[in-house]
Amino acid sequence: MMLGFVLTTISQTSTVTRRASDKIGAFQSARAAFDLMTQRLSQATLNSYWDYQYDSSGNPTKYLRKSELHFLVGQAGTSPLAGNTGTGQAIYFQAPAGQTDTPTTLGGLENLLNAVGYFISYGNEDALPSPFPTAAAKYRYRLMEAIQPTEDLGVYDSTTGAAWATGVDTSAVPVAENIIYMAAWPRKALADDPAGTTLSSTYSYDSRLNATSNPQPETANQMPPVVQITLVAIDEASAARICTGANPPSTITNAFNGLFTTSSKTQFDQDIVTLEGRLGAANINYRIFTAMVPIRESKMQ
């Protein structure tokens, strides 16, 4: 009897320890990706300047804030933004990431400008090249990072629209698995905007929107002072149980149904509580990471 009791205790302790270790490992990866993303986002730049707008005859008609760069937040999966619908927002910007296609000649220039994008994609992992054998399908949610090399920057092709973003996605690679949702909320400083609705009430932002209007909106060719980033991660055990097919699992899509559509502090807090209840009811182990990321080069007052 004593031996049976000891073996049972050891087995239970081992199971609890293994689960805790798996959970820590899974969320450590999510934390590392979260830190990488927020650090990169804080370096976003727009290089705004003031200049005249000219008519077809070359006569100045307006004096406007301008920029050749673009800061964009919108619903993932909505053209031209990548990602899966229902996984939150995709965010695109330019930052000095130092990525180049010609490292032998430009590799020493660490502040080369690149277009950067983050979004969440659901699907199978990329197959290994030959001669590796074909692996079993592994469908997962993945946080994707896309960094377009300096030589391929398409943001300069036009000062309107966001078609350039599709060129960024070709360089996307996963930086973390089992990130099921990303909420990107452009905001002013908390002291000036306690409700969080001055810049965006729909988790969206477009620095080119109405940029040639007179007067210009506050957001025209300007970056928000702060972006609130929230990532929702689940552990591998939960993902393996529910991510079994080519389509996003209804367990996850239903958990976010109706949430994070209107951005205000009260509504955000309420949505978080609702989400936690839904994930808990589905027996999904999760963790939510949230940070206020200051955009250092923002000049918005």
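Residues numbered from 1 in each chain as written. Predicted model: local features only at pLDDT ≥ 70, side-chain atom pairs only at ≥ 80, totals over all residues. Heavy atoms only, no water.

**Q** I'd like to hear about the overall build of the chain, residue by residue, with values.
**A** Helix and strand counts for the chain stand at six helices and eleven strands. For the chain, the spread of C-alpha atoms along the principal axes amounts to about 95 × 50 × 35 Å. Taking all 301 residues of the chain together, the buried fraction comes to 43%. Considering only intrachain contacts with a sequence separation of at least 6, the fraction spanning at least 24 residues in the chain is 69%. As displayed, the chain has an accessible area near 15,300 Å², and 53% of this comes from carbon and sulfur atoms. Here the chain carries 20 positive and 25 negative side-chain charges, and the mean point of each set is 8 Å from the other. (Helix = DSSP H or I, 4+ residues; strand = E, 2+ residues; numbered from the N terminus. Buried < 20%, exposed > 50% of the residue type's maximum accessible area, 1.4 Å probe, protein only. Contact = heavy atoms within 4.5 Å. Areas by Shrake-Rupley, 256 points an atom, 1.4 Å probe, with all protein chains shown as cover. Lys, Arg positive; Asp, Glu negative; His and termini not counted. Charge placed at Lys NZ, Arg CZ, Asp CG, Glu CD.)

**Q** Tell me what's going on with the nonpolar core, and back it up with residues and numbers.
**A** One finds F71, I91 and Y92 to be the most contacted residues of the largest nonpolar core, which totals 73 residues. Here the element with the most residues in this core is strand 8 (residues 179-187); it accounts for seven residues. When neighbours within four sequence positions are excluded, Y92 is seen to be in contact with H70, F71, L72, L81, A82, V116, G117, F119, W164, A165, V168 and D169. (Core = buried A, V, L, I, M, F, W, Y, C linked by side-chain atoms within 4.5 Å.)

**Q** Before we move on, can you summarise the sheet that holds strand 3 (residues 72-75) with the specific residues and values?
**A** Within a sheet, adjacent strands bond to each other through the backbone by hydrogen bonds, running parallel or antiparallel. The six strands lie next to each other as 7-6-5-4-3-9, forming an open sheet whose pairing is antiparallel. Of all the strands in the sheet, the pair left with one neighbour each is strand 7 (172-177) and strand 9 (205-206). (Pairing = 2+ DSSP bridges.)

**Q** How would you explain the sheet that holds strand 8 if you had to name every residue and give the values?
**A** An order of 8-10-11 is seen for the three strands of this open sheet, with the pairing classed as antiparallel. Of all the strands in the sheet, the pair left with one neighbour each is strand 8 and strand 11 (286-294). Neighbour-to-neighbour, the strand axes of the sheet open up by a mean angle of 15 degrees, direction not taken into account. Bridge count between strand 8 and strand 10 (residues 226-234): eight bridges; the pairing is antiparallel. Across the sheet, residue A184 finds its bridge partner in strand 10, namely I229. (Axes fitted to C-alpha atoms, helices over the stretch in contact; angles between N-to-C directions.)

**Q** Any chance you could break down unusual backbone geometry for me, citing the residues and the numbers?
**A** The linkage connecting S79 with the following residue, P80, adopts the cis geometry, with an omega of 5 degrees. Within the element layout of this structure, P80 appears in the loop between strand 3 and strand 4 (89-95). The omega torsion of the bond from N214 to P215 falls at 5 degrees, within 30 degrees of zero and hence cis. Assignment of secondary structure puts P215 in the loop between strand 9 and strand 10. A positive phi angle, near 50 degrees, is found at N47, a position not held by glycine. Among the secondary structure elements, N47 is positioned in the loop between helix 1 (2-41) and strand 1 (49-54). By relative accessible area, which is 56% here, N47 ends up exposed. Its identity as a non-glycine residue notwithstanding, N210 has a phi of 55 degrees, on the positive side. Considering the arrangement of structural elements, one finds N210 in the loop between strand 9 and strand 10. For N210, a relative accessible area of 46% puts it in the partly exposed group.

**Q** Residue-level account of the confidence of the model for the chain, with values.
**A** The pLDDT averaged across the chain works out to 89; a share of 90% of its residues lies at or above 70. The spread of mean pLDDT over the elements of the chain runs between helix 1, the lowest at 72, and strand 4, the highest at 97. (pLDDT = per-residue confidence, 0-100.)

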